[in-house]
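What follows is each chain in one-letter form.
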Amino acid sequence: MIDLRSDTVTRPSDAMRKVMADAEVGDDVWGDDPTVTRLEAMTAERLGKEAAVFVPSGTQSNLCALLAHCQRGDEYIAAQTAHCYRYEAGGAAVLGSIQPQPIQGEPDGTLSLAKVAAAIKPNDPHFAQAKLLSIENTTDGKALPMEYLAEAVQFATEHSLGLHLDGARAANAAVFHGLSLADVAAGFDTVSLCLSKGLGAPVGSVLSGSTELIGEARRWRKMLGGGLRQSGILAAAGIYALENNVDRLAEDHANAVRLGEVLAGAGAEVKAIQTNMVFAEFPNPPTDFEAKLAEHDVLMAINGNSSRMVLHMDVSPEQIERVGEVLAKIDG
Ligand SMILES: *Cc1c(COP(=O)(O)O)cnc(C)c1O
């Protein structure tokens, strides 16, 4: 199977499974799991933050961050399409009584800081008070410009807003810019990093930030049911991912460019590619396109005429060439 539906579909490699099997473990709710502690310290260090907490998912990581930054009746500002607003079942509103203020994003994936400024409400009893700006990087495969990130940091300081980075794919952004994770995370108060996407771990995200904010987040994690016991087995996969699977994301990015060429060769209109995602429109897709692709062992999510394809470590350059052959066959 050539599975292009997401980078969440990666399976742990034999080497990763070996370190999981061999992991030293303890009860992490008591702070006794040395492997979890090592993953948290390693992630904090790589992101240039004081502390970190290992959580089961990116959704829980974002929610712990929102809850740590905002009180009941506060507001957080995020893009209309932000994962933490649109794709997390309204958790911040339901479980935190935190009101979202969504903002229409710009074509380059940034949030216009002028639009954010205009959305911040005056200090008046009529209004919820904005406490947090949340930025996603990468977003739809776009790595935000480094100058923009610096401006956002300055903006948040000037407006006394906390600043959260939903960096589910921050490693893709770092590799795109040829910079470190710490560079991409610089100035953010909290950063959520997914281990279970392009980094290839089966489970887990890590939330990093100041000792104080991560202490708060750790309490929320417990309340949300995310306190785990011998989770060193999972953390070992995360350590392996950070040590072995960050630089190789460059291969996924190169494969994405090649897939774009293959799709264009098959008549599709392909949007600009920066990291591991390819967005394409098929002008005349055959009926049951998705099922026909699947018959040829190519899994692609087709939405009307368009598709988002995501490259990852379980897709090889040879398989991308096969996608081209399959597209030619289906068309013909
Ligand atoms: C996948 C994703 C998440 C959530 O991660 P899960 O582990 O699926 O809960 C959050 N933010 C972004 C940008 C993501 O892509």
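Analysis parameters
Residues numbered from 1 in each chain as written. Predicted model: local features only at pLDDT ≥ 70, side-chain atom pairs only at ≥ 80, totals over all residues. Heavy atoms only, no water. 1 Å grid on protein atoms, 1.4 Å probe; cavity = no way out; pocket = protein on both sides within 12 Å on 5 of 7 lines; lining within 4 Å. Points joined across faces, edges and corners; volume = space filled by probe spheres on them. Helix = DSSP H or I, 4+ residues; strand = E, 2+ residues; numbered from the N terminus. Nonpolar A, V, L, I, M, F, W, Y, C, P; charged D, E, K, R; others polar. Phe/Tyr/Trp six-rings, centres within 6.5 Å; stacked < 30°, edge-to-face > 60°. Buried < 20%, exposed > 50% of the residue type's maximum accessible area, 1.4 Å probe, protein only. Pairing = 2+ DSSP bridges. Contact = heavy atoms within 4.5 Å. Axes fitted to C-alpha atoms, helices over the stretch in contact; angles between N-to-C directions. Domains from an automatic or database assignment. Buried area = accessible area lost by both parts, 1.4 Å probe. Salt bridge = Lys/Arg side-chain N within 4 Å of Asp/Glu carboxyl O. Polar contact = N/O pair within 3.5 Å; in protein donor to acceptor, adjacent residues only side chain to side chain.

### Focus on the layout of surface pockets
Roughly 720 Å³ of internal volume is contained in the largest pocket. Glu136, Thr139, Asp140, Met277 and Arg308 are, among the 29 residues lining the largest pocket, the residues nearest its centre. Here the element with the most residues in the lining of the largest pocket is helix H3 (residues 58–69); it accounts for three residues. Within the lining of the largest pocket, the residues separate by chemical class into seven nonpolar, twelve polar and ten charged.

### Things to note about the packing of aromatic side chains
The tally for this structure, following the rule as stated, stands at one aromatic pair. When the centroid spacing of 5.0 Å and the interplanar angle of 80 degrees are considered together, the rings of Phe282 and Phe289 count as edge-to-face. Grouping residues by exposure puts Phe282 and Phe289 together as buried.

### Notes on the sheet that holds strand E13 (residues 306–310)
One open sheet holds the four strands; their spatial order is E9-E10-E13-E12, and the pairing between them is antiparallel. Unpaired on one side and paired on the other, strand E9 (269–270) and strand E12 (302–303) mark the two borders of the sheet. Sheet topology places E12 next to E13; two bridges connect them, and they run antiparallel. By the bridge assignment, Asn303 is partnered in E13 with Ser306. Along the sheet face, helix H12 (residues 249–265) touches E9, strand E10 (277–281) and E13 and points at about 10 degrees away from the line of E10.

### Overview of the domain arrangement of the protein chain
Domain annotation for the protein chain reports domain 1 (10–244) and domain 2 (248–331). Listed as interface residues are 16 residues of domain 1 and, on the opposing side, twelve residues of domain 2. When domain 1 packs against domain 2, the two sides together hide about 1300 Å² of surface, and 60% of this comes from carbon and sulfur. At the junction of domain 1 and domain 2, the tally comes to zero salt bridges. For the pair domain 1 and domain 2, the interface holds four residue pairs in polar contact (both at pLDDT 80 or more).

### Side note on empty space enclosed by the protein
Over the atoms, a rolled probe matching the size of one water molecule traces out where space is still vacant. As enumerated under the stated definition, the model contains one cavity of 30 Å³ or more in all. What lines the largest cavity is Ala168, Arg169, Ala171, Asn172, Cys194, Lys197, Gly198, Leu199 and Leu249. Grouping the amino acids of the lining of the largest cavity by side-chain chemistry returns five nonpolar, two polar and two charged.

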